[in-house]
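Structural features, examined
The primary structure of each chain is shown beneath.
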Amino acid sequence: MTRTLLVCNCAQSQVVDMRAIDAGAGVTCSRLHSALCTTEAAAAAQAIQSGDAVIACQQEWARFEEIAEELEAPAPLLVDIRDRAGWSDEAATAGPKQAALVAQALLATPATRTVDVESEGRCLILGGEQIAVAAAERLAEPLSVTVLLAAPPEDLPVDRRFEVVIGRLRTATGALGGFRLRLDGLRQMEPGGRGTFTFSEPRDGADTTCDTILDLSGGTPLFPAHEKREGYFRVDPGDPNAVAAAVFEAGQTVGTFEKPLYVRLEESLCAHSRAGQSGCSKCLNICPTGAIVPAGDHVAVDPMVCAGCGACSAVCPSAAISFDAPPVASLFRRMETLSEAWRKAGGTTARLLVTDRSHGAEMVALLARFGRGLPADVIPFEVEALEGFGHAEMLAALAGGFTSVDILLPPRAENEVPRRELALAEAMGGEGRLNLLEVGDPDALADTLYRREVAPASVDPVLALGSRRQVARLAAQALNPAGALLPLPDGAPYGSVTVDTDACTLCLACASLCPSGALGDNPDMPQLRFQEDACLQCGLCVQVCPENAVSLEPRLNLSDAALEQRVLNEEAPYECIECGKPFGVKSTVERIVAQLAGKHSMFAGSDAARLICMCDDCRINAQYHAADNPFAMGERPRVRTTEDYLRDRSKDH
């Protein structure tokens, strides 16, 4: 069913290209309104009443949702074409961009998985006596408050609405609704008696829990990336405004909250370790909050601590961890829709501007209202997790029809992952078309975008299908149509394995532990096989090789040979001296014979030495028929009868 888009020129301040929107987004535009949020609100109400409204205005979302609530109708779908396209120095040619933005807004958004977090309002306050007690007095009504002081206060408050304890906080883990604490030197208040309250004797190793922590100590934060730890409020105790704001926020943490489950973990794909040997640890090294921890052969993610930055998804070589709020496939689909609608509406070359939903969106809005607006060929693309926009997403955008990709980083952003992923994407075919923008001024952003010229890319758009790894390979092939063997930076998740055949004994320990199956054996002969496309460059094969014969080579092989198995090392099998059946590796068996036969006490005799040269079946058979058969159990004892038992009893008496 074709949907109708209510369009508005916002008091005649923007140009709306309804023909381009119709052609690119496949929607029918209403007549052009000028004040849908005020004098023409009746038209909006009529569309909302129909239950399938799409309104080209996002600024007045509260007004339209209020109308929907009054009409007891579903909230309308809103799309912003004004700030991102209509208010611009190049608004007259922004029709294709308007069509792309509308088409993207019409896509169904997958529901984000969530889990309920219960907070009963148990709050621990850390800090000096004066500031901590003052905060406790303000929070005593909405919360159940405990103040932790380092030493007994000079003037102990008699206010029994909150507790005061003495001690040292040794460890703290968890997040909102589930903090777990361990205290040393804990002394609890003795409430009875006249005069000043006294405290119990100190004890170490006291465990307790709370729902929120208000840290006014001014010391070292309790958690890494503490600003991302939900339920942990830490501010400078010397800033009264910040303290007041933190006290207010802490007071709102009572009830049931929905916690998004940002990532999805497939443990079977994880290449963290095998048999006690360490392999890939990229997600562990990059997680800012410490939400990812080792858990045997794979890792585990604490969903309560995860802040949803998406960095783990970007660096995971096997897609064991993937961003799921929304899924990565949804992001690929949005980029494809933007590019496809742009071309249908008559657009030629488009640039993608990737932003977050806070800083980036605000920059675009300020630039539109007070500056030059975005160029007509720059399509803003908001994502939930900017760090999760990795090399696969960058390459997919270029292979999907965009001539360049600019990523707008917020101030003080953790840019290690974006820089690393950009370098990898450049090596895979995106060189000269990818940029990280670290500008905090809207006018500076406009100057950068308007003066940059990017040559059109001659790429036939490809569909981003499959996992991130598969999408990256498809995109790289589109960007390098001639096919190539591309060298990649160290640490890249694509590459080859090199084996020193002189040192390799074909023990196949590497093949047995390879988590992706890139290394394998041949059951019919001593052979080590390798499929380059499957290699994660996790390093487990290097770690486990007893001869140090294995090394890694980061590269991307775009030919079909990467999809086939090739032999890295092979030798002739040794033939059993009894039955002739091939077994083991000829050079290895000969080396063992040379080292043990006649030289080791167990193989001093010729018959014992021959056992080394036999297959398993013949070796067992030879041992069974030998004079000193280790399987022999001696002569079978005679079966005892009733007479035997009676005879033994008579001897006892």
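This is a predicted model, so every value here is computed, not measured.

A look at the sheet that holds strand S21 (residues 350-355)
Spatial ordering of the open sheet is given by S22-S21-S23-S24, a layout of four strands whose pairing is parallel. The sheet is open, and its two borders are formed by strand S22 (378-382) and strand S24 (434-437), each paired with just one other strand. Taken pair by pair, the neighbouring strands of this sheet meet at an average axis angle of 25 degrees, ignoring direction. Bridge analysis of strand S23 (residues 402-408) against S24 gives four bridges, and the strand direction is parallel. Bridge pairing in S24 places Val 405 opposite Leu 434. On the sheet, helix H12 (residues 391-399) packs against S21, S23 and S24 and is oriented at approximately 145 degrees with respect to S23. Each of S21, S22, S23 and S24 touches helix H14 (residues 442-451); the most contacted strand, S24, lies at about 165 degrees to it.

Some points on the pairing of strand S29 (residues 550-557)
Inspection of the sheet shows strand S25 (residues 485-487) paired to S29 by three bridges, in the antiparallel sense. Counterpart to Leu 486 in the pairing with S29 is Leu 556.

As for empty space enclosed by the protein
With the rule as written, the count across this model stands at ten cavities of 30 Å³ or more. Taken together, 13 residues make up the lining of the largest cavity; nearest its centre are Phe 323, Pro 326, Val 328, Leu 331 and Ala 385. In terms of residue count, the dominant contributor to the lining of the largest cavity is helix H10 (residues 328-344) (three residues). Looking at side-chain class alone, the lining of the largest cavity contains eight nonpolar, two polar and three charged residues.

Concerning the state of the cysteines
According to the stated counting rule, one finds zero disulfides in the structure shown. For Cys 57, which is in no disulfide, the shortest distance to another cysteine sulfur is to Cys 37 and amounts to 5.9 Å. Taking the relative accessible area as the measure of exposure, Cys 57 reaches 18% and is therefore buried. Note on Cys 538: no disulfide assigned, nearest cysteine sulfur contributed by Cys 514 at a separation of 6.3 Å. Residue class for Cys 538 comes out buried when judged on its relative accessible area of 17%.

Examining the environment of Val 254
Along the chain, the position of Val 254 falls in the loop between helix H7 (240-250) and strand S14 (255-260). Sequence-wise, Val 254 and Gly 177 are 77 residues apart; in three dimensions their C-alpha atoms are separated by 9.1 Å. Setting aside anything within four residues of it in sequence, one finds Val 254 in contact with Ser 119, Glu 120, Gly 121, Pro 142 and Leu 143.

Some points on unusual backbone geometry
Following Ala 325, the chain continues into Pro 326 via a peptide bond in cis, with omega recorded as 5 degrees. As for its placement among the helices and strands, Pro 326 is situated in the loop between strand S20 (321-323) and H10. Notably, Glu 72 is not glycine yet its phi reads approximately 55 degrees, a positive angle. Along the chain, Glu 72 falls in the loop between helix H3 (61-71) and strand S4 (77-78). Here Glu 72 falls in the exposed class, since its relative accessible area comes to 75%. Look at Ala 275: it is not a glycine, yet its phi comes out positive at around 55 degrees.

Details of the sheet that holds strand S1 (residues 4-6)
Across the sheet, which stays open at both edges, the four strands sit in the order S2-S1-S3-S4 with parallel pairing between neighbours. Both edges of this open sheet fall to strand S2 (28-29) and S4, since each of them pairs with a single strand only. Pairing geometry for S1 and S2, over two bridges, is parallel. For Thr 4, the partnering residue across the bridge sits in S2 and is Thr 28.

Concerning the packing of helix H1 (residues 18-25) against helix H5 (residues 95-105)
For the pair H1 and H5, interaxial distance at closest approach is 8 Å and the crossing angle is 45 degrees. Comparing the axis directions of H1 and H5 gives the class oblique. Of the two elements, H1 crosses H5, and the hand of that crossing is right-handed. Contacts between H1 and H5 pair Ala 20, Ile 21, Gly 24 and Ala 25 from the former with Gly 95, Pro 96, Gln 98, Ala 99, Val 102 and Ala 103 from the latter.

Concerning the nonpolar core
Grouped together as the largest cluster of nonpolar side chains are 81 residues, with contacts concentrated most on Leu 5 and Phe 389. The residues contacting Phe 389, other than those within four sequence positions of it, are Leu 331, Met 335, Val 354, Phe 381, Val 383, Met 394, Val 405 and Ile 407. Core analysis: the second largest hydrophobic core is formed by 27 residues, Cys 123, Val 145, Leu 214 and Val 243 among them.

About the criteria used
- Residues numbered from 1 in each chain as written.
- Predicted model: local features only at pLDDT ≥ 70, side-chain atom pairs only at ≥ 80, totals over all residues.
- Heavy atoms only, no water.
- Pairing = 2+ DSSP bridges.
- Helix = DSSP H or I, 4+ residues; strand = E, 2+ residues; numbered from the N terminus.
- Axes fitted to C-alpha atoms, helices over the stretch in contact; angles between N-to-C directions.
- Contact = heavy atoms within 4.5 Å.
- 1 Å grid on protein atoms, 1.4 Å probe; cavity = no way out; pocket = protein on both sides within 12 Å on 5 of 7 lines; lining within 4 Å.
- Points joined across faces, edges and corners; volume = space filled by probe spheres on them.
- Nonpolar A, V, L, I, M, F, W, Y, C, P; charged D, E, K, R; others polar.
- Disulfide = S-S within 2.5 Å.
- Buried < 20%, exposed > 50% of the residue type's maximum accessible area, 1.4 Å probe, protein only.
- Parallel < 35°, antiparallel > 145°, perpendicular 65-115°, else oblique.
- Left-handed = near helix turned anticlockwise from the far one by under 90°.
- Core = buried A, V, L, I, M, F, W, Y, C linked by side-chain atoms within 4.5 Å.

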